[in-house]
Amino acid sequence: MAIDRTTTLVSPVATDNIRRRSFYRSFIQFLFSNLGLVIVVFVYSAAGASLFILLEQYIELQNCQEGNLSESISILNLSETIYNDVALQNDNTTNLYTKITYYLTNFTDDIYSRRTTLRYSGQNCSNTSGWSYTSALLFTITIITTIGYGHITPTSWEGQITCICYALIGIPIFLLCLSNISSVLGDIFRFMYSGLLHCFCCLCRIYTRNRRRVNRQSRLSKLQNSHGIDYTGTPTIDPCWPEAHHRIAGKLSDEDENNYYDDDDDCDDDDTDDIWSRMESRVPFGAVVLIIIGYIFLGAVMFSKFEGWTMIESVYFCYITLATIGFGDYVPGVTSSSGAGVRFLLACIYILFGLAILAMCFDLIKEGIVDKFHWCANKLGIIATDDDQIDEDRTRYANFEYDSSNQENQTQTPPIQNNIKRLNDETKSNSTVVQYDGNDETWINKIRDKPEPTSANSKNKKQMKIDD
C-alpha cells in the first residue's frame, strides 16, 4: 500500500520572523535580569568613556596648545615691559613699584582667564591629558550615579549635548540596576544573618535543655524517699497514661523519663519559635549601621594609602561620594603618578558596589521601620491583623447575602399579601362569620351544609372539560 508522505509527515518549520521574535524576546529577558543589567551598566559606562574621549580629547589638546602660546606671549610681554621701565627709564622707586605691581596683576588675571576659558594650568600638552580612558570612565560613572565631581567637563557643544542625552538614558538604567542588585544583596544578607542566628539559637537551645534536665533530675532526687513515694508538690504521672505502667521501683525508666522531659521542653520551645522566626526575618538596625560604617572605613583606609590623604579626609571623601553629594574637592587619581589609572579604576569599583550596598542598607532600614509602625498600630488597634481582616470580610459577605435575600423577599411579599387580602375579602363577602363558644356544642348545628351539585350541573361541567 502506498503511503502519502505529504499527509503523514508534518515537520513544523519555524519561519524567520518567529525565530527573530523568539531571539529578541530572550535577549530582552536577559537584559532585564540582574546579571544582564550589571553587564549593561558596565558596557554603557565603557562605551560612554570612549565616546567622550573621541569628542573632547582633540578639543582639550587645542585649548592646551592655545593656552601655552598665550602664556608664552604674556611672559614675553611682561619681561620686555619691565626691562624697558627699569633699565631704560630713570624713575624713582615709588613709580617703579607701582608699575611692576600693575604688570604683575594683569599677568595674574591672564593666568586665571586661561584656566577658566581654556582649562590650561601650565600642564604639558603632549604628555598630560584630562581625558584619559580611566578618567573618562570615572566621568561617565559620576554622570549615571548623579555624583558629578566636576574634575573634567565637556567644553564643546557636541560634548555637552551628548552628555545630556547620555544622562537621560544612563540614569534610569543605573537606578533599575541598583534596585535589583540591592534586593539581591538584601536577600543574601538576610540568609547569612538568619543562618548565623539559627546556629546560635540551636546552641542556646541545646544548652538550656541540658541544663533544665539536670536541674529537674536533681530536684526530683531530693524530693523522693527510699520507697519511691513522691511528696506533695512534685510532678506526678496520671495512672491512665502509658508511662504509669513503666514505673520501676517508683521511678520512670530512662527512655520514658527522657520523653517526659522532652515534651515539657517542647512546650517551652513552642513559645519562643515565633520570636526567633521574627528575629530571623528582619535584620536589626545596629547590624545595618555597622555595615555602612565598615564599608566607609574600608574605603578610607584604601584611599588614604593610595592617595596620600589623611584618615579624616578619606572618610569625608567616602561619605560625600556614597551620599551622591560629590563636591569634587577630593577626586582620586588626579595627581600625576604612575598608578593614576589603577586609582581611577579602584574608585569606580568602590563607587558602584558602595551605592548598591548603601541602597541595600536603606531597604533593610525601611523594612525595619515599617515593621515597627505595623507593630505599634496593631497594639493600639489602629489597623487590623490578617485574621481580623478575614473575619471582617466574612461578616460583610454574610451581611450582603442576608440583605440580598431580604430584598428578594420584599419584592415577592406584596403580590402574596395582595392575594391573601383578596381571598379574605372574597371569603367575607361570600360567607358569614359564625360566632361560637367553645363550651357550647350548638355551634355545629349553625354551620350551613354545602349543597351537593345536581346531576345536570355535573354533566355540564364534564361537557365543558371535554370541549376544552
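Since the structure is predicted, the reported quantities are computational estimates derived from the model, not experimental observations.

Calculation criteria
Residues numbered from 1 in each chain as written. Predicted model: local features only at pLDDT ≥ 70, side-chain atom pairs only at ≥ 80, totals over all residues. Heavy atoms only, no water. Helix = DSSP H or I, 4+ residues; strand = E, 2+ residues; numbered from the N terminus. Buried < 20%, exposed > 50% of the residue type's maximum accessible area, 1.4 Å probe, protein only. Phe/Tyr/Trp six-rings, centres within 6.5 Å; stacked < 30°, edge-to-face > 60°. pLDDT = per-residue confidence, 0-100. Contact = heavy atoms within 4.5 Å. Axes fitted to C-alpha atoms, helices over the stretch in contact; angles between N-to-C directions. Parallel < 35°, antiparallel > 145°, perpendicular 65-115°, else oblique. Left-handed = near helix turned anticlockwise from the far one by under 90°. Nonpolar A, V, L, I, M, F, W, Y, C, P; charged D, E, K, R; others polar. UniProt positions renumbered as here; feature names shortened; annotations may be inferred. Patch = residues over 30% accessible without salt bridge, like charges linked within 9 Å, V, L, I, M, F, W, Y side chains within 5 Å. Areas by Shrake-Rupley, 256 points an atom, 1.4 Å probe, with all protein chains shown as cover. Salt bridge = Lys/Arg side-chain N within 4 Å of Asp/Glu carboxyl O. Disulfide = S-S within 2.5 Å.

### Focus on unusual backbone geometry
- One non-glycine residue, R119, lies in positive phi territory at about 55°.
- Tracing the sequence through the fold places R119 in the loop between α4 (93–117) and α5 (133–144).
- In this structure, T324 takes a positive phi of about 55° despite not being glycine.
- Here T324 shows up in the loop between α9 (311–322) and α10 (340–380).
- Taking the relative accessible area as the measure of exposure, T324 reaches 30% and is therefore partly exposed.

### What about the packing of aromatic side chains?
- In this structure the tally under the stated criterion is 14 aromatic pairs.
- Cluster of aromatic residues (ring-pair linked, three or more members): Y149, Y295, F303, W309, Y316, F317, Y330 and Y350.

### Focus on the confidence of the model for the protein
- When pLDDT is averaged along the protein, the result is 75; 63% of the residues meet or exceed 70.
- Confidence, read as mean pLDDT per element, is least for helix α1 (residues 5–8) in the protein (48) and greatest for α9 (94).
- Of the regions scoring below 50 in pLDDT, residues 5–13 engages in one contact with residues more than four places distant in sequence or in other chains.
- Predicted confidence is poor over residues 243–257, with pLDDT under 50, and the contacts of this stretch with residues over four places away or in other chains come to 21 contacts.

### Quick look at the packing of α5 against α10
- Interaxial distance between α5 and α10 falls to 9 Å at its minimum, and their mutual angle equals 20°. Judged on the interaxial angle alone, α10 and α5 are roughly parallel. Note that α5 runs across α10; the crossing there is left-handed. Across from T134, S135, L137, L138 and I141 in α5, the residues of α10 making contact are G341, F344, L345, A347, C348, I351 and L352.
- For the contact of α5 with α10, the residue count by class is nine nonpolar, three polar and no charged.

### What to know about the UniProt feature "transmembrane region" (unreviewed entry) in the protein
- The sites that carry the UniProt feature "transmembrane region" (unreviewed entry) are, in the present numbering, residues 27–53, 130–149, 161–182, 188–208, 283–302, 314–332 and 344–365.
- End C-alpha to end C-alpha, residues 130–149 measures 14 Å, and it is 60% helix and 0% strand.
- In residues 161–182, the share of helix is 100% and the share of strand is 0%. The end C-alpha atoms are 32 Å apart.

### Comments concerning the environment of D363
- Of note, D363 is situated in helix α10.
- In the structure, D363 is positioned 177 residues away from G186 in sequence and 7.7 Å away in space, judged by C-alpha atoms.

### Topic: a nonpolar patch on the surface
- Together, F23, Y24, F27, I28, F32 and L176 line one region of the surface with nonpolar side chains, adding up to about 630 Å² of accessible area.
- A per-element tally of the nonpolar patch places helix α2 (residues 16–31) first, with four residues.
- Topologically, F23 is positioned in helix α2.

### Quick look at the state of the cysteines
- According to the stated counting rule, one finds one disulfide in the structure shown.
- Linked covalently through their sulfurs, C64 and C125 form a disulfide whose S-S length is 1.9 Å. Disulfide C64 to C125: torsion about the S-S bond roughly -90°, handedness left-handed. Here C125 lies in the loop between α4 and α5 and C64 lies in helix α3 (residues 34–88), a separation of 61 residues in the sequence. An identical accessibility class is assigned to C64 and C125; each is buried.

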